Amino acid sequence: MWRTAESPRITVADFFEAGRSILQMDWEANPEAAVGREITEVALNRPGLALAGFLRYFAYRRIQVLGLAEMTYLGSLPAAERIERLQTLAHVPGIVMSRGRRLPAYFRQVCARLGLPVMRTHLVTGHFMNAGTVLMQNLTSPRIRVPGTMIEINGVGVLLEGEPGIGKSEIALALIKRGHSLVADDTTVLTRDSTGAIQGSAVPITREHMEIRGLGIIHVPGLFGVASMRDGMRLDLIIRMQKAAVGADDIDRTGLDAQFRDVLGVPVPLIAVPVAAGRDLTNVVEVAALNQRMKQMGHDAARELDEKLKVALARKD
Amino acid sequence: MDSSKKTTPAAAALTREVTVLNRYGIHARPAALLVKAATGFACEILLEKNGVKVNAKSIMGLLTLEGNHGAKLKIHASGADAAAAIAALADLFERKFFED
């Protein structure tokens, strides 16, 4: 069975690197202080009340976002008092200035003295608060590394699992040749995002490569083009490939008995597919993905036929 | 939860700690040597680094471990021939995968 999940810890440097492009961030001051500086409370805070002197419940473990209101307020204070109020920020993990605002000289001096990393974003404060919160939650979301190859088939994320050597990569290769995209070969990282969906991705170092027995390691986008790869994909279906055994009783012959696998607390549809000589599994996997899409759209072929049969049989009664 | 995974008796589950001794760590060639050795055994063999476990019979899995020089790994084997499997894999680590 899969191992227990881990919830990664993040530092200010991790947050900056992950958000640099999507949150349009740049370093404003003291980037070296961000390395190894952990964000112990995964959220953003606007420190308006704290700067005004109300310190009870100040969420100092969070990244602090200073927008137009905070900066205007600080600017309205006498010079000596400003500096004193900024002491409030002494123990925060880091600061973000919104709207691309630069640090005023007095603020820069305080941050240098406190060794406080300061970023700036070109987003407006409200937008940054929303997008930054989602990003931070995704960075720290529970994750698990599982053996299995993940592919995206017509918008459906499918994880193929089965013993080493059963042919997961070969099927993925055939699916890529049919125009589908590889998410991860052999080892897939699954995370539960802030909406509760399970997302799959590759381990960065081996992302673009596959191992095919007899060929060795191949470079997928080099051979098949950039469209053959996807960075991440929602997990919709797990297909377990297993050697066909005579009398195996866990193969669903009707599709009526839906099975699910618990992935980080989320039930994910699971089907077991027997592997036998001469069986074109590429087709089976492709159709399974399409069938899953039909189910997500509200059509369940097995159930619909069963209902039709019941009505027809009742008439003959 | 699916229940078809084979269960192995706890008595046959063994673990040994090894250190990556060769200079370049577990790159493609050492990974291939490990896989070759591991697939010769029927038991399940996992390699662990910092709590992350991968199947020792998978090259890509081993590469994702990023087993650098000096890294301490654990070999877990469970099944009838677990002891022999651990000995064979640990031997490759000790011989620095015939490198250096």
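Remember, predicted model here, so these are calculated numbers, not experimental data.

**Looking at the overall build of chain B**
No. 1: When helices and strands are tallied, chain B shows 3 helices and 4 strands.
No. 2: From first element to last, N terminus to C terminus, chain B shows the α and β order β-α-β-β-α-β-α.
No. 3: Taking all 100 residues of chain B together, 34% fall into the buried category.

**Some words on the pairing of strand 17 (residues 266–275) of chain A**
All names here are of chain A.
No. 1: Where strand 15 (residues 237–243) lies against strand 17, 6 bridges are found, and the strand directions are parallel. Note that in strand 17 the partner of Lys-243 across the bridge is Val-275.
No. 2: Bridge count for strand 16 (residues 259–263) against strand 17 is 5 bridges, and the pairing is antiparallel. Each residue of the ladder has a partner; that of Phe-260, found in strand 17, is Pro-269.
No. 3: Linking two consecutive strands that pair antiparallel, namely strand 16 and strand 17, is a turn of 2 residues; a positive phi of about 50 degrees is found at Leu-264 within it.

**Regarding the interface of chain A and chain B**
No. 1: Listed as interface residues are 20 residues of chain A and, on the opposing side, 17 residues of chain B.
No. 2: Of the residues forming the side of chain A that touches chain B, the biggest block, 3 residues, is contributed by strand 16 of chain A.
No. 3: Considering only residue class, the side of chain A that touches chain B consists of 7 nonpolar, 4 polar and 9 charged.

**Describing the domain arrangement of chain A**
No. 1: One can read the domain layout of chain A as domain 1 (12–139) and domain 2 (143–306).
No. 2: Computed from C-alpha atoms alone, the centre-to-centre distance between domain 1 of chain A and domain 2 of chain A is 42 Å.

**A word on helix 6 (residues 125–139) of chain A**
Residues and elements named next belong to chain A.
No. 1: Across its 15 residues, helix 6 extends 20 Å between first and last C-alpha, which sits within 8% of the 21 Å expected from 1.5 Å per residue.
No. 2: What helix 6 keeps buried is the set Thr-125, Phe-128, Gly-132 and Met-136. All buried residues of helix 6 fall inside an arc of 50 degrees around its axis, so they share one side. Of the exposed residues in helix 6, those oriented more than 90 degrees away from the buried face are Gly-126 and Asn-130.
No. 3: Looking at the packing, one finds that the buried side of helix 6 touches helix 1 (12–19), strand 2 (44–45), strand 3 (63–66), helix 3 (68–76), strand 4 (95–97) and strand 5 (118–121).

**Points about the sheet that holds strand 7 (residues 149–153) of chain A**
All names here are of chain A.
No. 1: Within the open sheet, the 6 strands sit side by side as 9-7-8-15-17-16. Their pairing is mixed. What marks the edges here is a single partner per strand, and that holds for strand 9 (181–184) and strand 16. Between one strand axis and the next, the sheet turns through 35 degrees on average, direction left out of account.
No. 2: Bridge count for strand 7 against strand 8 (residues 156–161) is 5 bridges, and the pairing is antiparallel.

**A short note on the packing of helix 1 of chain A against helix 6 of chain A**
Residues and elements named next belong to chain A.
No. 1: Where helix 1 meets helix 6, the closest approach of the two axes is 10 Å, and the angle between their N-to-C directions is 115 degrees. In terms of crossing hand, the pair formed by helix 1 and helix 6 is right-handed. The residues of helix 6 that touch helix 1, namely those facing Asp-14, Phe-15, Ala-18 and Gly-19, are Gly-132, Leu-135, Met-136 and Leu-139.
No. 2: Broken down by class, the residue content of the contact of helix 1 with helix 6 amounts to 5 nonpolar, 2 polar and 1 charged.

**Quick look at the packing of helix 7 (residues 168–177) of chain A against helix 9 (residues 281–296) of chain A**
The description of two helices packed together rests on the angle between their axes and the distance between the axes.
Residues and elements named next belong to chain A.
No. 1: Helix 9 packs onto helix 7 with a crossing angle of 70 degrees between their chain directions and a minimal axis gap of 9 Å. Comparing the axis directions of helix 7 and helix 9 gives the class roughly perpendicular. Crossing geometry of helix 7 relative to helix 9 is assigned as right-handed. Each of Ile-171, Ala-174 and Leu-175 in helix 7 lies in contact with helix 9, whose residues at this interface are Leu-281, Thr-282, Val-285 and Glu-286.
No. 2: When the residues that make up the contact of helix 7 with helix 9 are grouped by side-chain class, the tally is 5 nonpolar, 1 polar and 1 charged.

**Let's talk about the nonpolar core**
Side chains of a nonpolar character, in soluble globular proteins, are inclined to be buried together.
No. 1: A:Ile151, A:Val158, A:Leu160, A:Ala172, A:Ile239 and A:Val285 are the most contacted members of the largest nonpolar core, which has 32 residues in total.
No. 2: Taken together, the elements giving at least two residues each to this core come down to strand 7, strand 8, helix 7, strand 9, strand 11 (198–202), strand 15 and helix 9 of chain A.
No. 3: If you tally residues by element for this core, the top one is helix 7 of chain A, at 5 residues.
No. 4: Beyond its immediate sequence surroundings of up to four residues, A:Val158 is in contact with A:Met150, A:Ile151, A:Ile153, A:Asp236, A:Leu237, A:Ile239, A:Val285 and A:Ala289.
No. 5: Counting residues in each nonpolar core, the second largest holds 25 residues, with B:Ile59, B:Leu63, B:Leu65 and B:Ala77 among its members.

**Comments concerning the pairing of strand 13 (residues 216–219) of chain A**
Residues and elements named next belong to chain A.
No. 1: Pairing analysis gives 4 bridges linking strand 12 (residues 209–212) to strand 13, with the strands arranged antiparallel. Residue pairing in the sheet places Glu-211 in a bridge with Ile-217 of strand 13.
No. 2: Counted along the chain from strand 12 to the antiparallel partner strand 13, the turn is 3 residues long, and its residue Gly-214 has a positive phi close to 95 degrees.

**Section: unusual backbone geometry**
No. 1: A positive phi angle is found at A:Leu264, which is not glycine, with a value near 50 degrees.
No. 2: Within the secondary structure, A:Leu264 is located in the loop between strand 16 and strand 17.
No. 3: Positive phi outside glycine occurs at B:Lys96, with the angle close to 55 degrees.
No. 4: Looking at where B:Lys96 falls in the secondary structure, it is placed in the segment after helix 3 (82–94).

**Some words on the sheet that holds strand 3 (residues 52–55) of chain B**
Residues and elements named next belong to chain B.
No. 1: Read across the sheet, 4 strands follow the order 1-4-2-3 without closing on themselves; strand pairing throughout is antiparallel. Strands with a single pairing partner mark the edges of an open sheet, and in this sheet they are strand 1 (13–19) and strand 3. Strand-to-strand twist of the sheet, defined as the mean angle between neighbouring strand axes without regard to direction, takes the value 25 degrees.
No. 2: The pairing of strand 2 (residues 44–49) with strand 3 spans 4 bridges and is antiparallel. Considered in strand 3, the bridge of Leu-47 is made with Val-54.
No. 3: This element, helix 3, spans strand 1, strand 2 and strand 4 (72–78) of the sheet and lies at about 5 degrees to strand 1.

Definitions and limits used
Residues numbered from 1 in each chain as written. Chains lettered and ligands numbered in written order. Predicted model: local features only at pLDDT ≥ 70, side-chain atom pairs only at ≥ 80, totals over all residues. Helix = DSSP H or I, 4+ residues; strand = E, 2+ residues; numbered from the N terminus. Buried ≥ 20, exposed ≤ 12 C-beta atoms within 10 Å, placed from the backbone. Pairing = 2+ DSSP bridges. Contact = placed C-beta atoms within 7 Å. Nonpolar A, V, L, I, M, F, W, Y, C, P; charged D, E, K, R; others polar. Domains from an automatic or database assignment. Expected span 1.5 Å × (residues − 1). Arc of directions from axis to C-beta. Axes fitted to C-alpha atoms, helices over the stretch in contact; angles between N-to-C directions. Left-handed = near helix turned anticlockwise from the far one by under 90°. Parallel < 35°, antiparallel > 145°, perpendicular 65-115°, else oblique. Core = buried A, V, L, I, M, F, W, Y, C linked by C-beta atoms within 7 Å.

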